[in-house]
Amino acid sequence: MLTKHEQILQHILDLDVGSKISVRQIAKDLTVSEGTAYRAIKEAENQGIVSTIERVGTIRIERQAKSNIEKLTFAEVVNIVEGQVLGGRAGLHKTLHKFVIGAMKLEAMMRYVDAGSLLIVGNRVNAHELGLKAGSAILVTGGFDTEEEVKRLADELELPVISTSYDTFTVATMINKAIHDRLIKKDIVLASDILIPIDETHYLYQHDKVQRWHELNQQTMHSRYPVVDQGNRVTGVVTSKDIIGVPVSMQVEKVMTRAPLTVTEKTSVAACAHMMIWEGIELLPVIGTSHKLIGILTRQDVLKAMQMMQKQPQVGATFDDLITTELKEQKVDNETTYFCKITPQMTNHLGTVSYGVLMTLVTETARKALRKIKKGDLVVENVTFYYIKPVQIDSDIELIPRVLEVSRKFGKVDVEIHHDGKIVGKAMMMAQLLDHRS
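Residues numbered from 1 in each chain as written. Predicted model: local features only at pLDDT ≥ 70, side-chain atom pairs only at ≥ 80, totals over all residues. Heavy atoms only, no water.

A.B. asks: Explain the side chain of Thr220 to me, and be specific about the residues and the numbers.
C.D. replies: Looking at the secondary structure, you find Thr220 in helix 10 (residues 210–220). A polar atom in the side chain of Thr220 sits 3.1 Å from the backbone nitrogen of His222. At 2.7 Å, the side chain of Thr220 forms a polar contact with the side chain of Tyr225. Other than its neighbours up to four places away in sequence, Thr220 contacts His202 and Tyr225. (Helix = DSSP H or I, 4+ residues; strand = E, 2+ residues; numbered from the N terminus. Polar contact = N/O pair within 3.5 Å; in protein donor to acceptor, adjacent residues only side chain to side chain. Contact = heavy atoms within 4.5 Å.)

Shown next, in the form of structure tokens:
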């Protein structure tokens with residue numbers, strides 16, 4: 001039996017791409033409160049199946065596959081540039097493949113324009129018309145309008161004509177940043193990428209007998225299973241420790257561990273790994289809407305994914321990437337040290353190195369030192385700064401990490417920061433080591 005929330009989500013999924021959605025209409029069609037309809041629409045927006053555009057409303061869009069996450073829909077472009085749709089609303093769900101800046105003569109410009117393009121141009125009506133006929137959407141910069149004939153053509157071809165008050169350079173920068181942000185997201189491995197889906201997952205019902213656990217154990221050789229109720233909502237987890245000495249006729253509900261830790265599809269694998277190591281658990285149920293089981297994560301799969309992430313090329317650079325690329329390794333008297341120049345981007349409003357940047361540099365040098373002793377990744381548990389002095393912009397600093405202690409699961413590193421031969425900072429990092437064999 002679907003809940004009202006689930007019924008609304010299913011209703012939205014069944015709508016044609018490009019359909020307009022309103023809280024009031026859904027509340028009326030499905031006989032639910034407007035509050036329930038609003039929450040479901042927000043959930044649909046989080047799932048990437050609807051998009052809300054100012055002065056246009058909420059429309060059904062195609063869910064973007066992760067492999068294609070760098071591609072934007074025209075609906076999203078409207079939000080990015082704070083634009084207004086002049087025509088072709090029916091095509092807002094379509095995907096933008098590239099954008100072309102119209103800063104040349106018409107004949108030369110049209111050589112670069114094709115279907116799926118977004119032509120960014122000012123108040124050049126001829127360019128608007130030719131772009132639409134070539135299968136391109138139009139983004140008019142400078143807050144200009146276009147001719148009624150162009151708007152009718154846009155409606156006919158279902159290609160959006162969007163107006164924004166920003167200039168061409170600013171608009172191109174905004175769209176480029178949005179694509180770059182998505183490239184970074186694409187590199188982040190989520191639970192949804194590695195989970196074992198529910199149709200390949202073995203699980204128990206609350207009313208099952210312990211005998212069923214023994215049957216699954218013989219069949220799969222696994223000892224940990226999620227427990228669900230009749231609505232497939234996760235209510236517990238059963239492991240071999242829970243059923244030791246328990247009669248096979250007892251219900252699973254009476255021996256299971258209640259309120260287990262769970263994650264959603266959008267939880268990062270790094271967060272899952274931290275949770276598993278920190279709590280000492282081997283299995284995480286992955287839940288969807290209404291706490292329903294959609295799959296599981298095993299410790300082995302999570303740690304394997306963490307290892308794979310280290311080998312992947314980075315397409316979009318994060319702030320951490322930009323900071324740590326400044327680190328240069330050097331050996332001095334058989335001791336590995338790291339040098340870094342404090343660039344303007346690393347400073348605060350006073351012109352001295354930001355504390356956040358310093359934290360990143362310390363954790364990265366400590367991480368490198370631990371990796372020389374033990375391969376694999378780690379999760380930072382604690383960083384303590386014992387001493388810190390301001391370091392000016394354009395200063396060259398030296399970071400000296402010394403591993404104080406390392407075991408199978410933990411590592412402790414002392415890091416000294418030097419400038420002009422003097423200590424300007426001292427910190428200690430403790431971390432949990434992610435051993436793929438554990």
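Back to the text.
A.B. asks: Requested: an account of helix 3 (residues 34–46), with residues and values cited.
C.D. replies: Between the first and last C-alpha of helix 3 there are 18 Å, a value that for 13 residues agrees with the 18 Å anticipated at 1.5 Å per step. Turning to helix 3, its buried residues number three or more, namely Thr36, Ala37, Ala40, Ile41 and Ala44. Down the axis of helix 3, the smallest arc covering the buried residues is 135 degrees, so these residues share one side. Where helix 3 terminates, the next one or two residues include Gly48, which has phi positive at roughly 80 degrees. (Expected span 1.5 Å × (residues − 1). Buried < 20%, exposed > 50% of the residue type's maximum accessible area, 1.4 Å probe, protein only. Arc of directions from axis to C-beta.)

A.B. asks: So what's going on with the pairing of strand 23 (residues 410–419)? Residues and values would help.
C.D. replies: Taken across its 10 residues, strand 23 has 8 buried, putting it largely inside the fold. As paired strands, strand 22 (residues 396–406) and strand 23 are joined by 8 bridges and run antiparallel to one another. Considered in strand 23, the bridge of Arg402 is made with Asp414. Pairing of strand 23 with strand 24 (residues 422–434), which is carried by 10 bridges, proceeds in the antiparallel orientation. Each bridged residue has a counterpart across the sheet, and for Gly411 the counterpart in strand 24 is Ala431. Hairpin connection from strand 23 to strand 24: 2 residues lie between these consecutive antiparallel strands, with Asp420 at a positive phi of about 55 degrees. (Pairing = 2+ DSSP bridges.)

A.B. asks: Explain the packing of helix 1 (residues 4–14) against helix 3 to me, using residue names and the numbers behind them.
C.D. replies: It is the contact of helix 1 with helix 3, at a shortest axis distance of 9 Å, that shows an interaxial angle of 55 degrees. As judged from the angle between their axes, helix 1 and helix 3 are oblique. Relative to helix 3, the crossing made by helix 1 is right-handed. Taking contact as the criterion, the partners of Lys4, His5, Ile8, Leu9 and Ile12 in helix 1 are, on helix 3, Thr36, Ala37, Arg39, Ala40, Ile41, Glu43 and Ala44. Partitioned by chemical class, the residues of the contact of helix 1 with helix 3 number 7 nonpolar, 2 polar and 3 charged. (Axes fitted to C-alpha atoms, helices over the stretch in contact; angles between N-to-C directions. Parallel < 35°, antiparallel > 145°, perpendicular 65-115°, else oblique. Left-handed = near helix turned anticlockwise from the far one by under 90°. Nonpolar A, V, L, I, M, F, W, Y, C, P; charged D, E, K, R; others polar.)

A.B. asks: Explain the pattern of salt bridges to me, using residue names and the numbers behind them.
C.D. replies: Applying the stated criterion to the full structure yields 18 salt bridges. Where Glu364 meets Arg367, a salt bridge forms, and the shortest distance between an N and an O atom there is 3.6 Å. Of this pair, Glu364 and Arg367 both sit in helix 15 (residues 355–373), 3 residues apart, roughly one helical turn. Here Glu364 and Arg367 have matching classes, each one buried. The closest approach of N and O atoms between Glu416 and Arg402, which form a salt bridge, is 3.5 Å. Residue Glu416 is found in strand 23, and its partner Arg402 is found in strand 22; the two are separated by 14 residues along the sequence. You can call Arg402 partly exposed: its relative accessible area is 30%. When salt bridges that share partners are traced, they join Glu335, Arg402, Asp414, Glu416 and Lys426 into one network. (Salt bridge = Lys/Arg side-chain N within 4 Å of Asp/Glu carboxyl O.)

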